[in-house]
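Close look at the chain arrangement
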Amino acid sequence: MQNIFKGLGVALVTPFKQNGDVDYEALERLVEYQLDNGADFLCILATTGETPCLTQEEKVRIRQQIVAQVNGRVPILMGCGGNNTAAVVEELRTADLPGIDGILSVCPYYNKPSQEGLFQHFKAIAQATALPVVLYNVPGRTGINMKAETTCRIAEACHNVVAIKEASGSLEQVDEIIKNKPDDFDVISGDDALTYPMVACGAVGVISVIGNALPKEFSRMIRLEFNNEFAAARKIHHRFTDLYSLLFVDGNPAGVKALLHEMGFIENVLRLPLVPTRVTTLQKMSDILKSLKR
């Protein structure tokens, strides 16, 4: 099975109104902004979308609205993971997901499985769906790192596991996966700040947070790299250096939501336990945004 999730993937935020309700109108505007400005695929209902704080009814409505709006213009990758393998398997087996082109499934968090446990977990998930599966390794959130050899073992054993969103922060691990992976398995950056070097090493794109606000600029960097124009791409990468760290200093998606609010797209509202970014961080991001737009 071939991976269709390449280039700029945007990990969509979930806009909220001041009263805390989902702002479906703002979501519609944001999706159209992505489609008009270079997004190659959308990643919905994942970490950046504050999915753990959404009700089941909200998740269904968000998915249905985005699928209808996109209408096949770009692929849609949907988050579906957890630390209870049986529950994830049941969700996938019973879900009706028209318009969804693939599943992003995070490494089990909190209960810290062994590498064998990770292999068996993802094997069960892959067997529960006919959709392509993208693994998601993010040890900073889950408390466990999926090693390169485990990733490649899963890729070899499961024909519909097509890629990994790799956010370990280790370029050495990324390089080991790319060196040893099957030909039809891809690596996708899960870290905006490391996207430039990861694509240079052979990654096929990114699932981006910063892409919510600046898809046109970020997608241009990736396209330049695909064309082997690394010097021009590196200039764009360096323009974003300060913004990369500011976006995450107060947690994700607090940074990018503040940036989107500054741009007039959404209210700067998150659901607890997340809170908006500090005023000092927002001011620094605002100054960088003005310089990027010059």
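Look a little higher up for the structure.
This text gives an overview of the structure that appears in the document. Computed from a prediction, not measured in an experiment: that's the story for all the values here.

So, the overall build of the protein chain
Broken down by element type, the protein chain carries 13 helices and eight strands. Here the C-alpha coordinates of the protein chain stretch approximately 50 × 45 × 35 Å along the principal axes. Here the protein chain holds 294 residues, and 55% of them are scored as buried. For the protein chain, contacts bridging at least 24 residues in sequence account for 73% of all contacts bridging at least 6. With the model as given, the accessible surface of the protein chain reaches about 12800 Å², and the carbon-plus-sulfur share is 49%.

Brief notes about empty space enclosed by the protein
Overall, the coordinates contain two cavities of 30 Å³ or more when judged by the stated rule. One number sums up the size of the largest cavity: a volume of about 50 Å³. Lining the largest cavity, in full, are Leu12, Val13, Thr14, Leu27, Ile44, Leu45, Gly49, Ile62 and Ile66. A per-class count over the lining of the largest cavity returns seven nonpolar, two polar and no charged. The computed volume of the second largest cavity comes to approximately 40 Å³. Together, Glu166, Ala167, Ser168, Gly169, Ser170, Leu171, Val174, Asp191, Leu194 and Met198 line the second largest cavity.

Examining the pairing of strand β5 (residues 133–137)
Where burial is concerned, most of β5 is hidden: five out of the five residues are buried. Here β5 shows no split at all, with Val133, Leu135 and Asn137 on one side and Val134 and Tyr136 on the other all buried. In this sheet, β5 lies alongside strand β4 (residues 102–106) in parallel orientation, the contact comprising four bridges. The residue bridging Leu104 from the neighbouring strand is Val134, located in β5.

What about unusual backbone geometry?
For the bond running from Asn252 to Pro253, omega is 10°, close enough to zero to count as cis. For Pro253, the position within the fold is in the loop between α11 (241–248) and α12 (254–262). With an omega of 15°, the peptide bond running from Leu272 to Pro273 counts as cis. With respect to the helices and strands, Pro273 occurs in the loop between α12 and α13 (279–292).

Looking at the packing of α11 against α13
Running from amino to carboxyl end, α11 crosses α13 at an angle of 150°, the nearest separation of the two axes being 10 Å. Judged on the interaxial angle alone, α13 and α11 are roughly antiparallel. Remark: the crossing between α11 and α13 carries left-handed chirality. Contact residues: α11 offers Asp242, Leu243, Leu246 and Leu247, while α13 offers Thr281, Lys284, Met285, Ile288 and Leu292.

Side note on the layout of surface pockets
A water-sized probe, rolled over the atoms, reveals where empty space remains. Roughly 880 Å³ of volume is contained in the largest pocket. Lining the largest pocket we find 31 residues, and of these Leu45, Ala46, Thr51, Pro52 and Gly81 sit closest to its centre. At the level of elements, α2 (56–70), β3 (76–79), β4 and α5 (139–142) are the ones that each hand at least two residues to the lining of the largest pocket. With four residues, α2 is the largest single contributor of residues to the lining of the largest pocket.

Quick word on the environment of Val138
Inspection of the secondary structure assignment puts Val138 in the loop between β5 and α5. Measuring from C-alpha to C-alpha, the distance between Val138 and Glu166 comes to 6.8 Å, with 28 residues separating the pair along the chain. Every residue in contact with Val138, bar those within four places of it in the chain, is listed here: Val106 and Ala167.

With respect to the packing of helix α1 (residues 24–36) against α2
Closest axis-to-axis distance for the α1/α2 pair is 11 Å, and the angle between their directions is 40°. Accordingly, the angle class assigned to the pair α1 and α2 is oblique. Crossing geometry of α1 relative to α2 is assigned as right-handed. Here α1 contributes Tyr24, Leu27, Glu28, Val31, Glu32 and Leu35 to the contact with α2, which in turn contributes Glu58, Arg61, Ile62, Gln65, Ile66, Gln69 and Val70.

Definitions and limits used
- Residues numbered from 1 in each chain as written.
- Predicted model: local features only at pLDDT ≥ 70, side-chain atom pairs only at ≥ 80, totals over all residues.
- Heavy atoms only, no water.
- Helix = DSSP H or I, 4+ residues; strand = E, 2+ residues; numbered from the N terminus.
- Buried < 20%, exposed > 50% of the residue type's maximum accessible area, 1.4 Å probe, protein only.
- Contact = heavy atoms within 4.5 Å.
- Areas by Shrake-Rupley, 256 points an atom, 1.4 Å probe, with all protein chains shown as cover.
- 1 Å grid on protein atoms, 1.4 Å probe; cavity = no way out; pocket = protein on both sides within 12 Å on 5 of 7 lines; lining within 4 Å.
- Points joined across faces, edges and corners; volume = space filled by probe spheres on them.
- Nonpolar A, V, L, I, M, F, W, Y, C, P; charged D, E, K, R; others polar.
- Pairing = 2+ DSSP bridges.
- Axes fitted to C-alpha atoms, helices over the stretch in contact; angles between N-to-C directions.
- Parallel < 35°, antiparallel > 145°, perpendicular 65-115°, else oblique.
- Left-handed = near helix turned anticlockwise from the far one by under 90°.

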